Amino acid sequence: MAEKILMKGNEAIGEAAVVAGCRHYFGYPITPQSELIEYMAKRLPQVDGVFLQAESEVSAINMVYGAAGAGARVMTSSSSPGFSLKQEGISYIAGAELPCVLVNVQRGGPGLGSIQPGQADYFQATKGGGHGDYHNIVIAPNSVQELVDMTILSFDLADQYRNPVVLLADGAIGQMMEPVEFREVTAKNIEKPWASTGLHGRSETNVINSLFLKPDECEKHNKHLQEKYAVIEKNEVRYESIHVEDADLVLVAYGITSRIVFSAMEKARKEGMKVGLIRPISLWPFPYKPIEDASAHAKAFLTVEMSAGQMVEDVRLAVGRTKPVYFYGRTGGMIPNSAEIYDQIVTIMQAKGGK
Amino acid sequence: MTEKLFAIPATLKDIPTHYCPGCHHGIIHRLVAEAIQELGVQDKAIGVAPVGCSVLCYDYFNIDMQEAAHGRAPAVATGIKRVHPEAVVFTYQGDGDLASIGCAEIVHAAARSEKITTIFVNNAIYGMTGGQMAPTSLVGQVTTTSPYGRKEDSCGKPIQMSEMLSTLHGPKFIARVAVNNPANMAKAKAAIKKAFEINVKGEGFALVEVLSTCPTNWGMSPVEAVSWLEKNMLPYFPLGIFKSEEVAK
Ligand SMILES: Cc1ncc(C[n+]2csc(CCOP(=O)(O)OP(=O)(O)O)c2C)c(N)n1
Ligand code: SF4
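Here's what I pulled together on the structure shown here. (Residues numbered from 1 in each chain as written. Chains lettered and ligands numbered in written order. Predicted model: local features only at pLDDT ≥ 70, side-chain atom pairs only at ≥ 80, totals over all residues. Heavy atoms only, no water.)

Focus: the overall build of chain B
Part 1 of the reasoning: Counting its regular elements, chain B contains eleven helices and seven strands.
Part 2 of the reasoning: Over its C-alpha atoms chain B spans a radius of gyration of 17 Å, differing by no more than 12% from the 18 Å that the globule rule assigns to 249 residues.
Part 3 of the reasoning: Taken along the three principal axes of its C-alpha coordinates, chain B extends 50 × 40 × 35 Å.
Part 4 of the reasoning: Put simply, chain B has 249 residues, and 59% of those count as buried.
Part 5 of the reasoning: Partitioning the intrachain contacts of chain B with sequence separation of at least 6 by distance along the chain shows that 68% fall at a separation of at least 24.
Part 6 of the reasoning: Roughly 9,400 Å² of accessible area belongs to chain B as shown, and the carbon and sulfur atoms make up 59% of that amount. (Helix = DSSP H or I, 4+ residues; strand = E, 2+ residues; numbered from the N terminus. Rg over C-alpha atoms; globule rule 2.2 N^0.38 Å. Buried < 20%, exposed > 50% of the residue type's maximum accessible area, 1.4 Å probe, protein only. Contact = heavy atoms within 4.5 Å. Areas by Shrake-Rupley, 256 points an atom, 1.4 Å probe, with all protein chains shown as cover.)

Describing the site of ligand 1
Part 1 of the reasoning: Around ligand 1, a shell composed of 17 residues is seen, among which C53, D95, G96, D97 and G127 of chain B lie nearest.
Part 2 of the reasoning: Looking at what sits near ligand 1, you find residues from chains A and B.
Part 3 of the reasoning: Here H25 of chain B contributes a side-chain N or O atom positioned 2.9 Å from an oxygen atom of ligand 1.
Part 4 of the reasoning: In the model, an oxygen atom of ligand 1 is placed 3.1 Å from a nitrogen or oxygen of the I125 of chain B main chain.
Part 5 of the reasoning: Relative to its unbound accessible surface of 600 Å², ligand 1 loses 77% to contact with the protein. (Near = heavy atom within 4 Å. Polar contact = N/O pair within 3.5 Å; in protein donor to acceptor, adjacent residues only side chain to side chain.)

Points about unusual backbone geometry
Part 1 of the reasoning: In this structure, the amide linkage connecting T31 of chain A to the following residue, P32 of chain A, adopts the cis form with an omega of 0°.
Part 2 of the reasoning: Position of P32 of chain A among the secondary structure elements: in the loop between β2 (24-27) and α2 (34-43).
Part 3 of the reasoning: Of note, the amide linkage connecting W284 of chain A to P285 of chain A takes the cis form, showing an omega dihedral of 0°.
Part 4 of the reasoning: In this fold, P285 of chain A is placed in the loop between β13 (282-284) and α11 (288-294).
Part 5 of the reasoning: Look at R162 of chain A: it is not a glycine, yet its phi comes out positive at around 50°.
Part 6 of the reasoning: Mapping R162 of chain A onto the fold places it in the loop between α7 (144-161) and β7 (164-170).
Part 7 of the reasoning: Given the relative accessible area of 24%, R162 of chain A is considered partly exposed.
Part 8 of the reasoning: Although it is not a glycine, S113 of chain B sits at a positive phi angle of roughly 50°.
Part 9 of the reasoning: Mapped onto the fold, S113 of chain B is located in the loop between α5 (103-111) and β4 (117-122).

Quick look at the sheet that holds β2 of chain A
All names here are of chain A.
Part 1 of the reasoning: Reading across from one edge, β3-β2-β4-β5-β7-β6-β13 is the order of the seven strands in this open sheet, with mixed pairing throughout. Because the sheet does not close on itself, it has two edges, and the strands there are β3 (50-53) and β13. Mean inter-strand twist for the sheet, computed between neighbouring axes without regard to direction, equals 20°.
Part 2 of the reasoning: Where β2 meets β3, four bridges bridge the pair, whose relative direction is parallel. Considered in β3, the bridge of G27 is made with Q53. (Pairing = 2+ DSSP bridges. Axes fitted to C-alpha atoms, helices over the stretch in contact; angles between N-to-C directions.)

Digging into helix α3 (residues 73-83) of chain B
Every α-helical turn comprises 3.6 residues, leaving residues that sit three or four positions apart pointing alike.
Part 1 of the reasoning: Of all eleven residues making up α3 of chain B, ten are buried, and the element is well covered by its neighbours.
Part 2 of the reasoning: Among all positions of α3 of chain B, only A73, P74, A75, V76, A77, T78, G79, I80, K81 and V83 of chain B are buried.

What about the environment of N181 of chain B?
All names here are of chain B.
Part 1 of the reasoning: In this fold, N181 is placed in the loop between β5 (173-178) and α8 (182-200).
Part 2 of the reasoning: By relative accessible area, N181 is classed as partly exposed at 27%.
Part 3 of the reasoning: With 49 residues separating them in the primary sequence, N181 and Q132 have C-alpha atoms 27 Å apart.
Part 4 of the reasoning: There is a polar contact of 2.7 Å between the side chain of N181 and the backbone nitrogen of N184.

Overview of the side chain of K172 of chain B
Part 1 of the reasoning: Relative to the helices and strands, K172 of chain B is located in the loop between α7 (161-166) and β5.
Part 2 of the reasoning: Notably, K172 of chain B is buried but unbridged: the nearest opposite-charge side chain belongs to E245 of chain B, and the N-O separation is 4.5 Å. (Lys, Arg positive; Asp, Glu negative; His and termini not counted. Salt bridge = Lys/Arg side-chain N within 4 Å of Asp/Glu carboxyl O.)

Overview of the interface of chain A and chain B
Part 1 of the reasoning: With 33 residues of chain A at the interface, the matching set in chain B holds 32 residues.
Part 2 of the reasoning: Across the chain A/chain B interface, buried area totals approximately 2,600 Å², and carbon plus sulfur atoms make up 58% of it.
Part 3 of the reasoning: The largest share of the area that chain A buries against chain B comes from E55, L199 and T205 of chain A, three residues that together contribute 19% of it.
Part 4 of the reasoning: For R112 of chain B, the salt bridge goes to E55 of chain A, with nearest N and O atoms at 2.9 Å. (Buried area = accessible area lost by both parts, 1.4 Å probe.)

With respect to the sheet that holds strand β14 (residues 300-305) of chain A
Residues and elements named next belong to chain A.
Part 1 of the reasoning: In space, the five strands of this open sheet follow the order β10-β12-β11-β14-β15, with mixed pairing throughout. A single partner strand is all that each edge strand has here, and the edge strands are β10 (239-242) and β15 (325-329). Averaged over all pairs of adjacent strands, the angle between their axes in this sheet comes to 20°, without regard to strand direction.
Part 2 of the reasoning: For β14 and β15, the ladder comprises five bridges, and the chain directions are parallel. Opposite V304, over in β15, you have Y328 as the bridge partner.
Part 3 of the reasoning: Across the sheet, helix α10 (residues 255-270) is in contact with β10, β11 (249-252), β12 (275-280) and β14; its angle to β12 comes to roughly 165°.
Part 4 of the reasoning: Along the sheet, helix α12 (residues 311-319) makes contact with β11, β12, β14 and β15, crossing β15 at roughly 170°.

Things to note about the nonpolar core
Nonpolar side chains tend to gather and get buried jointly when the protein is soluble and globular.
Part 1 of the reasoning: M75, V250, I291 and F301 of chain A are the most contacted members of the largest nonpolar core, which totals 117 residues.
Part 2 of the reasoning: Among the elements that line this core, the one with the most residues is α7 of chain A, at nine residues.
Part 3 of the reasoning: In terms of domain composition, this core takes at least three residues from each of domain 1 (4-235) and domain 2 (242-352) of chain A.
Part 4 of the reasoning: Discounting residues that sit within four places of it in the chain, I291 of chain A has contacts with V252, I278, F286, F301, V315, A318 and V319 of chain A.
Part 5 of the reasoning: Among the nonpolar cores identified, the runner-up in size contains 40 residues, and A35, Y92, I192 and F196 of chain B belong to it. (Core = buried A, V, L, I, M, F, W, Y, C linked by side-chain atoms within 4.5 Å. Domains from an automatic or database assignment.)

In structure tokens:
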């Protein structure tokens, strides 16, 4: 077993990428993810990797396109305003089916917003963000250890499905220091016979492309993408479920918010309230089924986010109209505290006749 | 017609292109393909196609290719080159692609002296989208988005990319050529080959701007288009070598 070291979230993502075999990084500075780009600037040259500070996020994502298309394990990272600039490139990457890992250390929005933690890029990450019918795989860790494990997982998922994976973090986990352990990983050596590497004796050219001038061919490509997404939806749903079996009220939260919600839940449990927590880890594919299953016995749901209410729409989709789905959110970089959330729990439990 | 007189190089697929009669894109493809063929680097060449009339050049070159988003070819090429430093990476871009939407990408690739070759086809118009004004359209030039002619007071003068990029320290070779007659075609060929030689030697960034016709969107016959180019483009976009290590020495 590897020994535990104290690391800042953003830096842990960088080291995990190196452990996963990523040797190419292209990015542009922005708070609160700058420790990550700085870590890569220092670390990649030590392992014969390539670090390049691009002239913009637009260029960075297109460098990722080129490098991924050339067969490399590649990563970029940014925070909300910069991640918006990457959307054009992400759509092309999804269309051309290029594996890569894209980190968004979210901050308050819209616009320039604030530099404090936020979760208001959920729609952008999970529903498309760029143009066209596509999905990123979206993974939302809630600790520095998970940043490590899920960065490594993200590279594997990206290669396995030839799909972009968004690691959706926030300024709080990015900035926090926690002990982490880098478990031994055997970097999966995935063959990429489709990559543009130069012919080297091959007779057919490899072309990385998302253009299909004939609409029937473009539709065929879309059908292929949708079939792939269906497989991902079947195989890659990840979530954590705590005290849900007997819960009258099920809390739903992801990322850093789930930890604050967890402590509010613990307090409520101590007070005798039957409260549980479902924490989506994959935001796409979203864990609709466990939430739907919980709605069979739960009396109500409460979704907590650092947004004005985005993931709550998916929770409502899962629950349907049978049970109320409440929402509590803070925005603009404000982090909800567990006392606020506890108050919400008490109010709902009293209204539902629970203790 | 000129290109049909010679055997097709192995770097070019033997299939008909979609270019309009009298369009210079086909000739320029041919010169690029010949240069790569003559340098014997087909196996390690990787091209990047633009968004513009030459978007389908990935179907014509018998070379591994990537299709970039509009203007982003130099960034895509950078990504490829950093993964395969031994590869001969090049971009092929129009003037809307390179001088307008992709202006930042080309300036920074040039400034970093990215070890790639850029073939920049300047036809003073947006061909693919039906003849709108380009950053290289001439003052007074009538296009579908400058129906009264390009006005200097509201649109400025056309950007002379070769001159502008030559002010940077990065580029090793920058030339502007034309393919309007056999003599210029020979010079164009030499410049393109030179730009690829620099690439093969890993010396740094090289760009060749090729003045080109768009008879369709200029609303002219192929013959009229060549004389319009000679009369209007050549005076404002002078041919020549703007940057070369040899010149500097
Ligand atoms: C982001 C984006 N904006 C606009 C377009 C539409 N568009 C396609 S080609 C083009 C201009 C092409 O002109 P140029 O680069 O000069 O090449 P040409 O067709 O003349 O060879 C434009 C504006 C696009 N495809 N993508
Ligand atoms: S529209 Fe113009 S640039 Fe495009 S193929 Fe036709 S002549 Fe060439």
